[in-house]
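# Per-entry structural report
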Amino acid sequence: MQIFTFPLLAARLAGGFSRPARLQDLDPAIRAALDAGGLAELEGVRRLPGTARSIARTLAKVWQADLDLERLADHSARLAELAEIERRVRANLPAGVLTPRDLRDGALARVTHAPATLGPIEIDRIAAIALVWRPLLAALAKTVPLAWRDPGTLETTWFPGQIVVSDVGPPASISVTSCANPRAEVVEALR
């Protein structure tokens, strides 16, 4: 048995030393994309300290929602610039480092290898599955046994595999203990 996140599952199936882009990979790629200039809408904010982090969060949300910025670029100038930044970021990522959509597409291209590479797949107690991974799960359901154990949501009609619901006893009594870590203490002291 192996435990994977969806990006790691896709990377395993995509092969070729592929791996998901991490913040350490995205940050320099985003900074290089912003430093290249040529932006109109974002020109005034591209050098501000939080812009790279904001772009990283925006791209992460766009990728998780499986939005195609290239197709949406005609709708507004801001989306066109975001699509250009995405193109630059993808070009600046190290070899083998892929965005979630690229990982998914690479895994979809090799889905016939899933029985040997992955075997049966069980998703265990995950409340929500991002839209970007749903086409991969649909393709995997055709090649390997796919089950979702105790989904934390009622919205499972899209899921092509087997839904497994365990008998759950009464909930245990809940007790909460709160303590701060050193970082939280510093943040509070600065407030």
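Each value, and the rule that gives it
- Counting starts from 1 at the beginning of each chain's written sequence and moves along it residue by residue.
- In keeping with the model being predicted, local features are shown solely for residues with a pLDDT of at least 70 and side-chain atom pairs are shown and tallied solely at 80 or more, while totals for entire chains, interfaces and linings include all residues.
- Calculated side-chain values reflect all of the structure's heavy atoms, with hydrogen atoms and water omitted.
- Starting at the N terminus, helices and strands are each numbered in turn, a helix being any DSSP run of H or I of at least four residues and a strand any DSSP run of E of at least two.
- Residue burial is assigned from relative accessible area. The probe radius is 1.4 Å, only protein chains are included, and a residue is buried under 20% of its type maximum, exposed over 50%, and partly exposed in between.
- The Shrake-Rupley method, run with a 1.4 Å probe, gives the accessible areas here. Residue values count only the displayed protein chains as cover.
- Contacts were defined at the residue level, with two residues in contact if any of their heavy atoms lie within 4.5 Å.
- Positive charges are assigned to Lys and Arg, negative charges to Asp and Glu, while His and the chain termini are left out of the count.
- What makes a salt bridge here is a side-chain nitrogen of Lys or Arg within 4 Å of a carboxyl oxygen of Asp or Glu, nothing more.
- One less than the residue count of a helix, multiplied by 1.5 Å, gives the span that helix is expected to have.
- Paired strands, as defined in this entry, are two strands with at least two bridges between them according to DSSP.
- Where helices are involved, their axes are fitted lines through C-alpha atoms of the stretch in contact, as for all axes, and angles between N-to-C directions lie from 0 to 180°.
- pLDDT measures the predictor's confidence residue by residue and takes values from 0 up to 100.
- Angular relationships are summarised with four words: roughly parallel below 35 degrees, roughly antiparallel beyond 145, roughly perpendicular across 65 to 115, and oblique for the angles in between.
- Two helices cross in a left-handed way if the nearer one is turned anticlockwise from the farther one by less than a right angle. They cross in a right-handed way if the turn is clockwise.
- In this classification, the charged set is Asp, Glu, Lys and Arg, the nonpolar set is Ala, Val, Leu, Ile, Met, Phe, Trp, Tyr, Cys and Pro, and all remaining amino acids, among them Gly, are polar.
- Pairs of N or O atoms within 3.5 Å make up the polar contacts considered here, provided that, within protein, one atom can donate a hydrogen while the other can accept it, and that residues adjacent in sequence are counted only when both atoms are side-chain atoms.

## Some points on the overall build of the chain
In terms of helices and strands, the chain carries 9 helices and 5 strands. Each helix (α) and strand (β) of the chain, taken in turn from the N terminus, gives the series α-β-α-α-α-α-β-α-α-β-α-β-β-α. If you line up the chain on its principal axes, its C-alpha atoms span 55 × 50 × 30 Å. By residue count, 36% of the 191 residues in the chain fall in the buried class. Here the chain has roughly 12,000 Å² of accessible surface; of this, 56% comes from carbon and sulfur atoms.

## Describing the environment of T156
Its place among the elements puts T156 in the loop between β4 (146-149) and β5 (162-164). Taking the C-alpha atoms as reference, T156 lies 9.3 Å from A128; in sequence the two are 28 residues apart. If we skip the residues at most four places from it in the chain, T156 touches W148, P151 and I163.

## Focus: the side chain of E81
Inspection of the secondary structure assignment puts E81 in helix α5 (residues 77-92). Salt bridges are absent for the buried E81, whose nearest opposite-charge side chain, R78, sits at 5.8 Å. Apart from the residues lying within four places of it in its own chain, the contact partners of E81 are L39, A40, E41 and L42.

## Considerations on helix α3 (residues 51-64)
Between its terminal C-alpha atoms α3 stretches 20 Å, which fits the 20 Å expected from 14 residues at 1.5 Å a residue. Those residues of α3 hidden inside the fold are in contact with α2 (23-35), α4 (69-72), α5 and α6 (100-109). One or two steps after α3, the chain reaches D66, where phi turns positive at roughly 60°.

## Quick word on the sheet that holds β4
Within the open sheet, the 3 strands sit side by side as β3-β4-β5. Their pairing is parallel. If you trace the sheet from one side to the other, it starts and ends with β3 (121-124) and β5, each paired once. Mean inter-strand twist for the sheet, computed between neighbouring axes without regard to direction, equals 20°. Bridging between β3 and β4 involves 4 bridges; their strand directions are parallel. Of the residues in β4, the one forming a bridge with I123 is W148.

## Considering the environment of V45
With respect to the element layout, V45 can be found in the loop between α2 and α3. Taking the C-alpha atoms as reference, V45 lies 9.7 Å from L34; in sequence the two are 11 residues apart.

## Some words on the confidence of the model for the chain
Confidence in the prediction for the chain averages 88 pLDDT; 97% of positions are at 70 or higher. No element of the chain has a lower mean pLDDT than helix α9 (residues 182-190), at 80, and none a higher one than helix α8 (residues 134-141), at 96.

## Looking at the packing of helix α1 (residues 6-14) against α6
Relative to each other, α1 and α6 sit at 45°, their axes nearing to 8 Å. As far as their axial angle goes, α6 and α1 are oblique. The way α1 lies across α6 gives a crossing that is left-handed. Across the interface between the two elements, P7, A10, A11, L13 and A14 from α1 touch L103, R104, G106 and A107 from α6. Classifying every residue of the contact of α1 with α6 by side-chain character gives 7 nonpolar, 1 polar and 1 charged.

## Observations concerning the side chain of E86
Within the secondary structure, E86 sits in helix α5. Salt bridges are absent for the buried E86, whose nearest opposite-charge side chain, R90, sits at 4.9 Å. At a separation of 2.7 Å, a polar atom in the side chain of E86 contacts the side chain of W63. Every residue in contact with E86, bar those within four places of it in the chain, is listed here: L59, W63 and L69.

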